[in-house]
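In case you want the letters, here they are:
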Amino acid sequence: YAKCGLLAVARQIFDKLQIQDVVSRTSLLVGYVEHGYGVEALESFEHKQHNGFTPDAVMLVCSLKACGSLGAKAKGQEIHYEVERRGMFGTDPVIGNTLIDVYAKCGLFAIAQQMFNKLFVRDVVSWTVLIASYVEQQRSNAALKCLEEMKLEGILPNAATFVWSLKACGSIGAKMKTREIHADIERRGLLKNVDVANTLVSVYAKFGLLAIAEQVFDKISNRDVVSWNALMAGYIEVGESGNLFYMFDKMLGQGTKPDLVTFVIVLSACSSMGMFAKGLFYFEAMSKGYGMVPALEHHTCMVNVLGRVGQLEKALALIMKMPFYPD
RNA sequence: ACCGGGCUAUUUGGA
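Below you will find a few notes about this structure. Everything numeric in this text was worked out from a predicted model, so none of it was measured. (Residues numbered from 1 in each chain as written. Chains lettered and ligands numbered in written order. Predicted model: local features only at pLDDT ≥ 70, side-chain atom pairs only at ≥ 80, totals over all residues. Heavy atoms only, no water.)

1. Quick word on helix H12 (residues 194–206)
Step number 1: A rise of 1.5 Å per residue sets the reference length of H12, with its 13 residues, at 18 Å; its end C-alpha atoms lie 18 Å apart and thus fit the reference within 8%.
Step number 2: Counting buried positions over the 13 residues of H12 gives 10, a clear majority of the element.
Step number 3: Turning to H12, its buried residues are Val-194, Val-196, Ala-197, Asn-198, Thr-199, Leu-200, Val-201, Val-203, Tyr-204 and Ala-205.
Step number 4: Here the buried face of H12 lies against helix H10 (159–172), helix H11 (175–187), helix H13 (210–219) and helix H14 (225–237).
Step number 5: A positive phi of about 80° marks Gly-208, the residue just after H12. (Helix = DSSP H or I, 4+ residues; strand = E, 2+ residues; numbered from the N terminus. Expected span 1.5 Å × (residues − 1). Buried < 20%, exposed > 50% of the residue type's maximum accessible area, 1.4 Å probe, protein only. Contact = heavy atoms within 4.5 Å.)

Pasting the structure below:
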């Protein structure tokens, strides 16, 4: 129930358990973390003090993850101290990796680096987390250096490593490096991983290399809405909105349902091309045709469309009447 | 002795 996001049910069952041990607590905690309830997750962790039991390595990792998702530096550090005090840093390989990630997610990159340096064993996750941390610091050259370094150390990059390395390439426009990593991915048969394939499409699309993006896209056997979105976003990049609307229809034809992101992309295209009527059409199609509720982002796109065609009063009126606080 | 429940990184979007 926790994994499925039925947290109230999970909670009810947990409360009824005759024995609430560290595993059942952690199960609940994981449910909260994975569904974006970091605060509740930490609350259920705090609860341990009152019930006088000691969290094990798994529970500490899950609580640290909650800190990462919240950017809760102090709490993260507190749990880190507990880890050190109990001498668990070296005994559980997962804890060290998690600490790197948590500090990076809290923006404490120097400490994240320290954690990496302190590790006794650096596995593919350790390296990938470090690469991700460099990308987030906008030090993508350093991230790509790490990729080479880990290979020299004999650690084989996996799907997640490639995803982050490709993001690094994307953020600094490293087209040749992208091709190199792409070749590696094909060689390793990792294009079967839809996350990797989608990232490749997205990076090529952002470079405006639509022909290559399409090539990759065509090779994806298990295409999902993200694949389509990534490609469509590329058409905005090169100003080919005609192709974008064509792909939108093609996607529907192949039975893939658009999601909220799809409509942000479509509406962005309308606004960047100054297509007011088309924008309005898709905006209304969201609720009327697809039973979706336009979010703030979609309204923002419409404000943008109106602004670009000079309809400032209407743009303002939309801001005033939309069901969101304008940001 | 072995096995069985909860753990770490990972894809697309507006301003």
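2. Some words on the protein's contact with RNA strand B
Step number 1: Surrounding RNA strand B, one finds 44 residues, the nearest of these being Asp-56, Trp-164, Asn-198, Asn-229 and Val-264.
Step number 2: Counting only atoms of RNA strand B within 4 Å of the protein, the fraction found in sugar and phosphate groups is 51%.
Step number 3: At a separation of 3.0 Å, a phosphate oxygen of RNA strand B approaches a polar side-chain atom of Lys-65.
Step number 4: The side chain of Thr-199 places a nitrogen or oxygen atom 3.4 Å from a sugar or linking oxygen of RNA strand B.
Step number 5: Looking at the surface near RNA strand B residue by residue, the classes come out as 20 nonpolar, 13 polar and 11 charged. (Near = heavy atom within 4 Å. Polar contact = N/O pair within 3.5 Å; in protein donor to acceptor, adjacent residues only side chain to side chain. Nonpolar A, V, L, I, M, F, W, Y, C, P; charged D, E, K, R; others polar.)

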